[in-house]
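Observations on chain architecture
Below, each chain spelled out in residue letters.
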Amino acid sequence: MTALARSNNTIYARFMGPWGRYVVIGVPMVFLLLVFLLPFLVVFKISVSEMETVYFKDLLSVKDDLVVLAFKYGNYISLTHDALYFKAYLSSIKIAAITTAICLAIAYPFAYFLARSPAERRPALLMLVMLPFWTSFLLRVYAWKMLLADAGVFNNVAIALGLASEPLKMMNTPFSLVVGMVYTYVPFMILPLYANLVKMDLRLLEAALDLGATPWQAFWRITVPLSKSGIIAGSMLVFIPCVGEFVIPELLGGPETLMIGHVLWDEFFGNNDWPMAASVAVVMVGLIIIPLALFNKYQAESTSAAKS
Amino acid sequence: MTPTAGRLTSGAWMGAVYVFLYLPILTLMLFSFNASPMVTNWGGFSLRWYEALVHDRELIDGFKLSLEIAFSTGCSSVVLGTLAALSLHRFKRFTGRTLFAGMVNSPLVMPEVIIGLSLLLMLVSVQRLFGFPERGFATIWLGHTLLGMAYATVVVLSRLQEMSPSLEEAAQDLGALPLQVFFLITLPLISQALASAWLLTFTLSLDDVVISAFLNGPGSTTMPITIFSRARLGLSPSVNTVATLTVAVVGIGVLAASVWMSRAEKKRAQEMAAAYRKVD
Amino acid sequence: MAHKDSKGSGGDVAPFLQIKRIVKKFDDVFAVDEVSLDIAQGEIFALLGSSGCGKSTLLRMLAGFEAPTSGQILLAGQDIVGLAPYERPINMMFQSYALFPHLTVWDNVAFGLHREGMPKNQIEERVTQMLDLVQLKPYSKRKPHQLSGGQQQRVALARSLAKRPKLLLLDEPLGALDAKLRQRTQLELVDIIEQVGVTCVMVTHDQEEAMTMATRIGVMSEGKILQIGQPAEIYETPNCLFVADFIGTVNIFKGQVEVDEPDHVVIASADCKHYVSHGITGTRGMGVHVAVRPEKMSIQTETVQDADRESPAEVGFNQAQGVIEDLAYLGSLTTYHVRLDGGSVVKVTHTNAARHGSSAMTWGDRVYVWWCGSDVVVLTR
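Here the structure is a predicted model, which means the values were calculated and not measured. (Residues numbered from 1 in each chain as written. Chains lettered and ligands numbered in written order. Predicted model: local features only at pLDDT ≥ 70, side-chain atom pairs only at ≥ 80, totals over all residues.)

For the rest of this paragraph, the subject is the overall build of chain B. When helices and strands are tallied, chain B shows eleven helices and zero strands. Against the globule reference of 19 Å for 280 residues, chain B gives a C-alpha radius of gyration of 24 Å, more extended than a compact globule. The C-alpha extent of chain B, read off along each of the three principal axes, is 70 × 70 × 40 Å. By residue count, 47% of the 280 residues in chain B fall in the buried class. In chain B, the proportion of contacts linking residues at least 24 apart, taken out of those at least 6 apart, comes to 75%. (Helix = DSSP H or I, 4+ residues; strand = E, 2+ residues; numbered from the N terminus. Rg over C-alpha atoms; globule rule 2.2 N^0.38 Å. Buried ≥ 20, exposed ≤ 12 C-beta atoms within 10 Å, placed from the backbone. Contact = placed C-beta atoms within 7 Å.)

Residues and elements named next belong to chain C. A sheet is described by the order of its strands in space; here five strands give the open sequence β15-β19-β16-β17-β18, paired in antiparallel fashion. The outermost strands of the open sheet, each flanked by one partner alone, are β15 (298–300) and β18 (345–351). Neighbour to neighbour, the strand axes of the sheet diverge by 40° on average, direction disregarded. Two strands pair when backbone bridges link them, and strand β17 (residues 333–340) and β18 are joined in this way by seven bridges, in the antiparallel orientation. Within β18, the residue paired with H337 across the bridge is K347. (Pairing = 2+ DSSP bridges. Axes fitted to C-alpha atoms, helices over the stretch in contact; angles between N-to-C directions.)

Below, the discussion takes up the interface of chain B and chain C. Note on interface size: it is often stated as the accessible area lost on association of the parts. Between chain B and chain C, the contact holds 23 residues from the first and 22 residues from the second. Elements that contribute at least two residues to the side of chain B that touches chain C include exactly α7 (165–173), α8 (178–207) and α11 (237–277) of chain B. Split by residue class, the side of chain B that touches chain C holds twelve nonpolar, five polar and six charged. (Nonpolar A, V, L, I, M, F, W, Y, C, P; charged D, E, K, R; others polar.)

This next bit is on the nonpolar core. With 146 residues, the main nonpolar core has A:M189, A:I190, A:L264, A:A281 and B:L117 as its most contacted residues. Summarising the domain contributions, this core has at least three residues from each of domain 1 (14–55) and domain 2 (57–232) of chain B. In contact with A:L264, not counting residues within four places along its chain, are A:A277, A:V280, A:A281, B:V113 and B:L117. C:W106, C:L136, C:V257 and C:I267 belong to the second-largest nonpolar core, a separate cluster that totals 114 residues. (Core = buried A, V, L, I, M, F, W, Y, C linked by C-beta atoms within 7 Å. Domains from an automatic or database assignment.)

Moving on, we come to helix α8 (residues 174–198) of chain A. Between its first and last C-alpha, α8(A) extends 35 Å over 25 residues, near the 36 Å set by a 1.5 Å rise per residue. Taking burial as the measure, the 25 residues of α8(A) include 18 buried ones, the bulk of the element. (Expected span 1.5 Å × (residues − 1).)

Here we take up the packing of α8(A) against helix α11 (residues 228–243) of chain A. Relative orientation and spacing of two packed helices are given, respectively, by the angle between their axes and the distance between those axes. Residue and element names in this part refer to chain A. Between α8 and α11, the shortest axis-to-axis distance is 8 Å and the interhelical angle comes to 160°. Considered as vectors, α8 and α11 are oriented roughly antiparallel to each other. The hand of the α8/α11 crossing is right-handed. From α8, M181, Y185, F188, M189, P192, L193, A195, N196 and L197 reach across to α11, where they touch S229, G230, I231, A233, G234, L237, V238 and C242. (Parallel < 35°, antiparallel > 145°, perpendicular 65-115°, else oblique. Left-handed = near helix turned anticlockwise from the far one by under 90°.)

We now examine the domain arrangement of chain B. For chain B, the assigned domains are domain 1 (14–55) and domain 2 (57–232). Centre-to-centre, using C-alpha coordinates, domain 1 of chain B lies 33 Å away from domain 2 of chain B.

This next bit is on the domain arrangement of chain C. All names here are of chain C. On domain assignment, one finds that chain C holds domain 1 (17–242) and domain 2 (249–379). The straight-line distance from the C-alpha centre of domain 1 to that of domain 2 is 40 Å. Across the boundary between the two partners, domain 1 contributes four residues, which contact four residues of domain 2. Tallied by class, residues from the side of domain 1 that touches domain 2 come to three nonpolar, one polar and no charged.

For helix α4 (residues 83–116) of chain A, spanning 34 residues, the distance from its first C-alpha to its last is 49 Å, which sits close to the expected 50 Å at 1.5 Å a residue. Taken as a whole, α4(A) carries its principal kink of about 25° at A:A107; the proline A:P109 stands between one and four residues after it. (Bend = angle between axes of the 7 residues up to and from the residue.)

A word on the sheet that holds strand β13 (residues 273–276) of chain C. Residue and element names in this part refer to chain C. Sheet architecture is open: five strands sit in the order β13-β12-β11-β14-β20, paired in antiparallel fashion. Here the strands that pair on one side only, and so sit at the sheet edges, are β13 and β20 (377–379). Within the sheet, the average angular offset between the axes of one strand and its neighbour, ignoring direction, is 40°. Sheet topology note: the strand β14 (residues 287–292)/β20 ladder contains three bridges and is antiparallel. Along β20, the bridge assignment pairs A291 with V377.

Shown next, in the form of structure tokens:
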């Protein structure tokens, strides 16, 4: 049956009856509007509110027969004035970018080899990659604390073997942070890359080789461009959450590694300055909105591609 | 590059990545049996930390709470995720579809601090207006469901897309009403995806730190929050014991599942071969 | 060919299935463009065309999976356009069979009967009857993946007949089978359908399938029905160039009408002049196509004898000389590709009646090709 034979809305759309359609779409839609979208609007509102001892003051108030709209944009001003915030944003993006790049460098060859390995072994190998993912991520990050600490396993082993005379300072540095980030996010990069590479038609490579390309050329000119969507998906899956990471910097980062997630946490739990935390969040969302849109576009494309 | 050199490189690279992935976990597990209170100095084999775990009220209570929340999250995520997946799969055009798709997919990548903060601020505002909800079980469950729903939708949607549309059409052609089609045909066929979505969201919820931290209230401290606060302060052997137990449970579960699945696959392949051997 | 007496579209009783000016538009494209058809009860009607011609869309509208943009579909007098698929007395056999993988053969066939609310014992009787019809009773406890392709098809057929529908729809019924199985299954399928006596509309791109199975064929292209008729009519009397070319192989000459008489026509083309022994609706000077089937042509190395001709008027017409450019020996017959002196290449099919043909023609031989005026079809569009 040709693609033309099927209209855009299936029989469900026609014969489910209006209530059926409304329920199926409506329930998740309402849930998302209330639990995802509405909170964002609230965050924005709070970011321009004044903070009272425990809670925030309302934007609109009536005082002496006067309607007062108190729009405190001062929070955003301090964001730009205080170098701390700017540095934090910059450093978050930098670290997220480095993490993404390293993850890509590690994951791409891995996904490639995995996709080319014998078919019977792939499910088992894939499962071995997923297994760490199923065990708690918190525990795995903690494990690196154990490994990299001054009195940690690596240092103890190095000293015992005589490789070092005194403990290497690995903990609470950008190094430990990036190691922890890469460790946590590498599976997120492997999976979309693998999914993409495994579906690639090997005959394209055979054709390229037949036409005189060397394996290296075939790789760069055929394989890599075709895996572009996998690369983008994986990169977004790593970069965007990394920007706002909190737990890993908290456990493995140090004074040199300032991340915006940490700043937000401190403003909220530390300073109890909700409007400030909210404005930090709003700017963070602004930063990731473009990668986020890219990710959504990719998801939509892969949904429609799967249909045809 | 010769085939053997290629195989060596591939094996070496993959092996290195596996070592990178598993070394920390295995180290964690090993040191949970460390007799010495100095976590990273091996002092001999001992089960003392496991004994200590039994008396660790904080951790055990936290675990119970996490389990309850995770269970509920699994159920709610699967229901909402299935509805969302059905919407995206069946209805190609409806008002707000792009917004809907964006909202469903975004929690997958959105930093948890943002989700946690925004949800908390909203819940606080609601509480000021209506007097409820108090932060605790329900609020954590809400946040986890938002996240879980995003994952569940991806899993169920991909299964729906694999399924041939003719099956549902055939059912309707034979007289089944749309609701009957869903329960008699669609549901049985996506049941495996539903199960794995449940498992995935259950695990996610059990493991979550940030959202739980923002949305919890007095008396509702989950296990990950406890572990996190301990880990912040330094190294603690109780964490190692939890790690070992978790890995053991997950490992056994995954192993059992894959053995069961490969047996089912073999049986299926045998049946198909038998069908084709018979001359029509 | 189906042996049933084919009831044509005429008669005083209203046709069983009436498709009236059905249109289906997807955005700006007309998938089905004003199709009107009448199908008699008990007929096996084939919609024949290549991909994208609209036949599948038309079938889906009959089943209820698509709603027509405009038009009516009357089944036994009732307009079914507004009815949902599960409300129509129509059942469909899908190209992919669409057997429910989690149900046994028995449950698959019984599915529709359960939905109807049929009592248990009746269901048992009916399902047994259906499985016996397709000879799959011993397999009733199996699941679809435990069956071969041919067996799955028979289950699909049994399932679609179980509810005794008023209309049976077949979507490329033999598309998924390999060639050998296809030939045998074609006739089996027709036997079963005729045994049950159900009216049937089938969709296919395979002309052999359509010609073998259908009582009448409708050739479709770009959303329109070009010609409706019995297989022989379609083959021997195509009404347009597309149909002539689509069905079987054909030789087409482009030419102009030179002589236009009520009882005969002469058309001049680059290779020869054609004498057609009947009149056409056309005028002198009109550009037309002349179609001659390869098996209607004769090929020989000797000159054409006047005595061989049908009528003296044809002498000098309907013949040409050329050189054998290519030949395909197929055992029972040989197809010669002859490049005529006028430039065109024609295909001539020659039965190898004698074991050692006295004049065994081969590549490069100079030959005469000729045919009769009554075997010529003039195509005005």
